[in-house]
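Here's the letter readout for the chains.
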Amino acid sequence: MTPQTVSLPSQAACQEADGVVIAGDCLPVMRALAIRDAVRYDLVLIDPPYNTGGRFIYDDRFASNEAWLDMMALRLHALRRLMTDDGALLVHIDEHQGPALRGLLARLFGEANDLGEIIWDKLNPKGDAGRVAGQHERILAFARDLKKFRERRRLHRDKPHAPAMLAQAARLVARIGQNRAPEGLRQLIRRHELPVREADCRRPYRLADARRDYRQWLAQQNIPPGEAAYRHLDASGRVYRTVSMAWPNRAPPPPDYHEPLLHPVTGRPCPVPARGWRNPPATMARLLADGQIVFGADHRKQPERRYWLSDNLTENLPSVIRYGGSDDTRLARLGIPFDHPKPVGLLIQLIDAFVGDEGRVLDCFAGSGSVGHACLERRAQGRDIRFTLVQSREPLDPSQPGQRAGAAFCDAHGLARDIAQITRARIERARDALEQDTGVPLRVDYAGFAGSPG
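Everything numeric here is computed off the predicted structure, so don't read it as measured data.

### Concerning the overall build of the protein chain
Of the regular secondary structure elements, the protein chain holds 15 helices and 19 strands. Once local pairs closer than 6 in sequence are excluded, the contacts in the protein chain between residues at least 24 apart make up 71%. Summing over all exposed atoms, the protein chain offers an accessible surface of approximately 22,400 Å²; the carbon and sulfur share of this is 49%. Side-chain charges of the protein chain comprise 65 positive and 56 negative groups, with the mean position of each set lying 6 Å from the other.

Rendered as structure tokens:
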């Protein structure tokens, strides 16, 4: 790649703007930023070329694997200098270069700073019929300093279905006391046009009805078992699940961890787990007083601990993220041509997990600008997420089918034929749409461009 002149935004823009987009080769830009600015990034989130040999809207061909690794090593070394001490790096990659890239990251960041590998399940198997159809990509995660990362950050994400579950439970609980025909009977009357009036079948809606209807609704949803375990409503209508209170370790607990609990109705002792309780008697007494222990109908069932969904709206970030959405429609609405953009919804999950409500995100292989778009969405929703995008002025060749639409877009808007112009146009249009939808002003600064955005 031919070296390009480095043009940086002002230091004030790097500090204060909601986002910055820089047109230029990422290596000299990052080196210049590291020397000039005090800004450091909490998350570096990149989607580099995978060295597949293809010609997409960008060129993904390198002379050899070694050439690709050399290109990556220089940039990863520069990126590390731009990270906060408790920052993290996420790199999208496929199966071809995944193992080699992991080895390179381990050498540059240290094996001890390996945060693990995320499998992005696209839910859409593709490939030759004679081979296993691939439907996933890898996202390799490394911390700059694992100890500091753990001290200041927690890898978690919002339970994706929790809002809908809580809302459905609230709707059902609100019906309690109303005179209405049971839902199943109402459906039966309508389906078979029975000569029965619904008004004649009405009776007060009860908590038992809400519990039944909530479980039936839950069974009809495509919700993973971990969330679907929140299938109960307590006496006040709060959603909860139960979990065993058995001692989890092989080494036995102290003797008093075997003290039985008395059933609140029969007054007789309930079964104790074979290895004893998870908690000491004082903690068990507190849980009992707080209503966090659930007993069976009588003393023959082992008590379990209650966890309310409203108190557990997040979960540990899993190693598999299932996200089958495509941003083709999103980009079409913005009028932006780009092959295989990373979906904003997936990137928001990653930013939320690794950054939280406040931080800076850097993407030096910006492509269509999906990372910046995701940050703008969170910014418009009130989170203090700022970003810097770097995209080289990689030329677009209209003779190449994968680059033809991009070149035509640039021509139509009087722009130079390069990918960075598409990056800028996407960010401009995303910003305008978000400002219109939310009324939140968003400031994005640019460097290395000539002319106005498309």
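### What to know about the packing of aromatic side chains
Enumeration according to the criterion identifies 5 aromatic pairs in this entry. Between Phe149 and Phe354, the aromatic rings sit 6.4 Å apart at their centres with planes inclined by 45°, giving tilted as the arrangement. Here Phe149, found in helix α5 (residues 146–152), pairs with Phe354, found in helix α12 (residues 344–354); they are 205 residues apart in sequence, far enough to count as distant. Look at Trp247 and Tyr257: their rings are 5.5 Å apart centre to centre, the planes differ by 85°, and that puts the pair in the edge-to-face class. Taken as a pair, Trp247 in the loop between β12 (239–243) and α10 (281–289) and Tyr257 in the loop between β12 and α10 lie far apart in primary sequence, 10 residues in all. The pair formed by Trp247 and Tyr257 is uniform in burial state, with each residue classed as buried. If you follow Lys122 out to its NZ or CZ, it ends over the ring of Trp120, 4.9 Å from the centre. Taking NZ or CZ as reference, Arg306 lies 4.5 Å from the ring centre of Tyr240, over its face.

### Quick notes on the environment of Ile336
Mapped onto the elements, Ile336 comes out in the loop between α11 (328–334) and α12. By relative accessible area, which is 6% here, Ile336 ends up buried. Considering only alpha carbons, one finds Ile336 and Ala228, 108 residues apart in sequence, at a separation of 38 Å. Once residues within four sequence positions are removed from consideration, Ile336 is found in contact with Leu331, Phe409, Ile422, Ala425, Arg426 and Arg429.

### Some thoughts on the sheet that holds β12
What the 4 strands build is an open sheet, ordered β11-β12-β14-β13; its pairing is antiparallel. Looking at which strands have only one partner, the edges of the open sheet turn out to be β11 (232–233) and β13 (293–294).

### Topic: the environment of Ile422
Here Ile422 is to be found in helix α15 (residues 419–438). Take Ile422: its relative accessible area is 0%, and that puts it in the buried class. Sequence separation between Ile422 and Pro337 is 85 residues, and the spatial gap between their C-alpha atoms is 7.9 Å.

### A few points about the packing of α12 against helix α13 (residues 370–380)
Two numbers describe how α12 lies on α13: the axes approach to 9 Å, and their chain directions differ by 65°. Taken as axis vectors, α12 and α13 run roughly perpendicular relative to one another. For the pair α12 and α13, the sense of crossing is right-handed. When α12 is examined against α13, the residues Val344, Leu347, Ile348, Ile351 and Asp352 are found in contact with a partner set consisting of Ser370, Val371, His373, Ala374, Cys375, Glu377 and Arg378. Its residues assigned to classes, the contact of α12 with α13 shows 7 nonpolar, 2 polar and 3 charged.

### Brief notes about helix α2 (residues 26–36)
Residues of α2 that are buried: Cys26, Leu27, Val29, Met30, Ala32, Leu33 and Ala34. If you follow the buried residues of α2, they end up packed against α1 (11–16), β1 (19–23), α3 (65–81) and β18 (384–391).

### Comments concerning the nonpolar core
Ranked by internal contacts, the top residues of the largest apolar core, which has 41 residues, are Leu43, Leu45, Ile351, Phe354 and Val361. In terms of residues, this core owes the most to one element, α12, which gives 8 residues. Filtering out sequence-adjacent residues up to four positions away, Phe354 remains in contact with Leu43, Ala88, Leu90, Leu115, Ile118, Ala141, Phe149, Arg153, Leu155 and Leu317. With 38 residues, the next largest nonpolar core counts Val20, Tyr41, Ala106 and Phe365 among its residues.

### Describing the pattern of salt bridges
Across all of its chains, the model carries 35 salt bridges by this definition. A salt bridge links Arg153 to Asp42; the shortest N-O distance between them is 2.6 Å. Linking Arg153 in the loop between α5 and β8 (156–158) with Asp42 in strand β2 (residues 41–46), this pair joins segments that are 111 residues apart in sequence. Pair check on accessibility: Arg153 and Asp42 agree, each one buried. Two residues, Asp290 and Arg286, come together in a salt bridge whose shortest N-O distance is 3.9 Å. Residue Arg286 is classed as partly exposed on the basis of its relative accessible area, which comes to 44%.

### With respect to the pairing of β1
Burial within β1 is extensive, with 5 of its 5 residues counted as buried. Side chains of β1 alternate between two faces, with Gly19, Val21 and Ala23 and Val20 and Ile22 buried alike. Bridge count between β1 and strand β19 (residues 444–447): 4 bridges; the pairing is parallel. Each residue of the ladder has a partner; that of Val21, found in β19, is Tyr446. Sheet analysis places β1 next to β18, joined by 5 bridges and oriented parallel. For Gly19, the partnering residue across the bridge sits in β18 and is Phe387.

What counts and what doesn't
Residues numbered from 1 in each chain as written. Predicted model: local features only at pLDDT ≥ 70, side-chain atom pairs only at ≥ 80, totals over all residues. Heavy atoms only, no water. Helix = DSSP H or I, 4+ residues; strand = E, 2+ residues; numbered from the N terminus. Contact = heavy atoms within 4.5 Å. Areas by Shrake-Rupley, 256 points an atom, 1.4 Å probe, with all protein chains shown as cover. Lys, Arg positive; Asp, Glu negative; His and termini not counted. Charge placed at Lys NZ, Arg CZ, Asp CG, Glu CD. Phe/Tyr/Trp six-rings, centres within 6.5 Å; stacked < 30°, edge-to-face > 60°. Buried < 20%, exposed > 50% of the residue type's maximum accessible area, 1.4 Å probe, protein only. Lys NZ or Arg CZ within 6 Å of the ring centre and 35° of its normal. Pairing = 2+ DSSP bridges. Axes fitted to C-alpha atoms, helices over the stretch in contact; angles between N-to-C directions. Parallel < 35°, antiparallel > 145°, perpendicular 65-115°, else oblique. Left-handed = near helix turned anticlockwise from the far one by under 90°. Nonpolar A, V, L, I, M, F, W, Y, C, P; charged D, E, K, R; others polar. Core = buried A, V, L, I, M, F, W, Y, C linked by side-chain atoms within 4.5 Å. Salt bridge = Lys/Arg side-chain N within 4 Å of Asp/Glu carboxyl O.

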